[in-house]
Each structure stands twice: as C-alpha cells, then as structure tokens.
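Residues per chain, in single letters:
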Amino acid sequence: MPHAVIDIELFFKTYEQRINSGDIPALVAQFSDAFLAAGAQGAQPVRAVDFAVALPKRKQLFDSLGCRSTSLVSFEPVALDGRYTLVRTRWQMVFDRAQGAAEEEVLADSTFIVDDSDSGLKIVFYLAHQDIMAMLKERGIMAGAA
C-alpha cells in the first residue's frame, strides 16, 4: 500500500500539534520547499521561506481573536498514485468570546496533496475551501477590514 493511512493520520495529527503549539519551523518543515496554495483569492506558488515569515503574523492575529485551539475533526486520504495522496480535511477552531459569552466553534475544510518522497511526507498543495477571514467577520469574531 503506497501511503499507509496511519502515516497520513500521524502526519496531520503532528500538523495539528504544531499549529496549536506555535512551532513555526516544525510546521513549515511539513511543507515542500515550494508549494501551491489556493483559495478564495485564486492560486499562487508559495516558497516555504516566505510562508515561514507569514505564519507568525497569522498566529498572532488568531491569538488576538481568541483562538484557543485548532483540531483535526476529520481526514479522508485518497491515494493518487504510488507517491501522492490527496487528503480532504475538516478543522475546528475554538474561539473565546467576550467575557460571559459561550466559546464559538468554526469549521473549515481544506484539501492537501501530500508527497511521499525519500525525504518523508511533505505538503505540495493546499486548498482552503472557505475564506476564513470572511467567515470570522460574518460570525462577529473579527471586525473591520481583513
């Protein structure tokens, strides 16, 4: 079997841990040196070194919005061939709200293509199915401009 489901699951559980711990270098190491990122604004190639610069700012923003945790809710791997696996994921982010208000859960879906090369599993493609910033604005978690 080209990509054992357990290896893919462990890869994404590790990804989840690194998101929550803020271990940016380890998180970036799970991506190829260059990968394709796609979403509501289109697709673009991203260099891992540039991604490493952007991630701390994103984490700081999410922390300021009260993001307490991000959890992998589900994943569905589909082997594309002997090397690449498409993985559909669903993530749950939990935000603390104003004092006295209940926490708020936000679900976001993503699709990844993971390369199983000699250097291990690496993300070569990332697709965000929703515009997370627009979702946070709609839910009142993030106010004003993006």
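These numbers were taken from a predicted model, which means no experiment stands behind them.

What counts as what
Residues numbered from 1 in each chain as written. Predicted model: local features only at pLDDT ≥ 70, side-chain atom pairs only at ≥ 80, totals over all residues. Heavy atoms only, no water. Pairing = 2+ DSSP bridges. Helix = DSSP H or I, 4+ residues; strand = E, 2+ residues; numbered from the N terminus. Axes fitted to C-alpha atoms, helices over the stretch in contact; angles between N-to-C directions. Contact = heavy atoms within 4.5 Å. Buried < 20%, exposed > 50% of the residue type's maximum accessible area, 1.4 Å probe, protein only. Polar contact = N/O pair within 3.5 Å; in protein donor to acceptor, adjacent residues only side chain to side chain.

J.: Help me understand the pairing of strand 6 (residues 120-128), please; the structure alone is not making it clear to me.
T.: Within a regular strand, side chains alternate between the sheet's two faces. By the bridge criterion, four bridges tie strand 1 (residues 31-39) to strand 6 in an arrangement that is parallel. Across the sheet, residue alanine 37 finds its bridge partner in strand 6, namely tyrosine 126. Pairing of strand 5 (residues 104-117) with strand 6, which is carried by eight bridges, proceeds in the antiparallel orientation. Directly across from threonine 111, in strand 6, lies its bridge partner leucine 127.

J.: Explain the sheet that holds strand 4 (residues 84-95) here, please?
T.: Adjacent strands of a sheet form backbone hydrogen bonds with each other and so pair up, either parallel or antiparallel. Here we have six strands laid out as an open sheet, ordered 2-1-6-5-4-3, and mixed in their pairing. At either end of the open sheet lies a strand with only one pairing partner, and these are strand 2 (42-47) and strand 3 (67-79). Recorded for the sheet is a direction-independent mean angle of 25 degrees between the axes of neighbouring strands. Looking at chain direction, strand 4 and strand 5 are connected through 12 bridges and run antiparallel. Residue pairing for strand 5: arginine 88 is matched across the bridge by threonine 111. Against the sheet, helix 1 (residues 5-21) makes contact with strand 1, strand 3, strand 4, strand 5 and strand 6, and its axis sits at roughly 160 degrees relative to strand 3, the strand it touches most. Helix 3 (residues 48-64) contacts strand 1, strand 2, strand 3 and strand 4 of the sheet and is inclined by roughly 115 degrees relative to strand 2.

J.: Sorry, what's going on with the side chain of threonine 111 here?
T.: Along the chain, threonine 111 turns up in strand 5. Threonine 111 gets classed as buried once you look at its relative accessible area, which sits at 8%. Only 2.6 Å separates the side chain of threonine 111 from the side chain of histidine 129, close enough to count as a polar contact. The residues touching threonine 111, leaving out its near neighbours within four places in the chain, are Leu86, Val87, Arg88, Phe125, Tyr126, Leu127 and His129.

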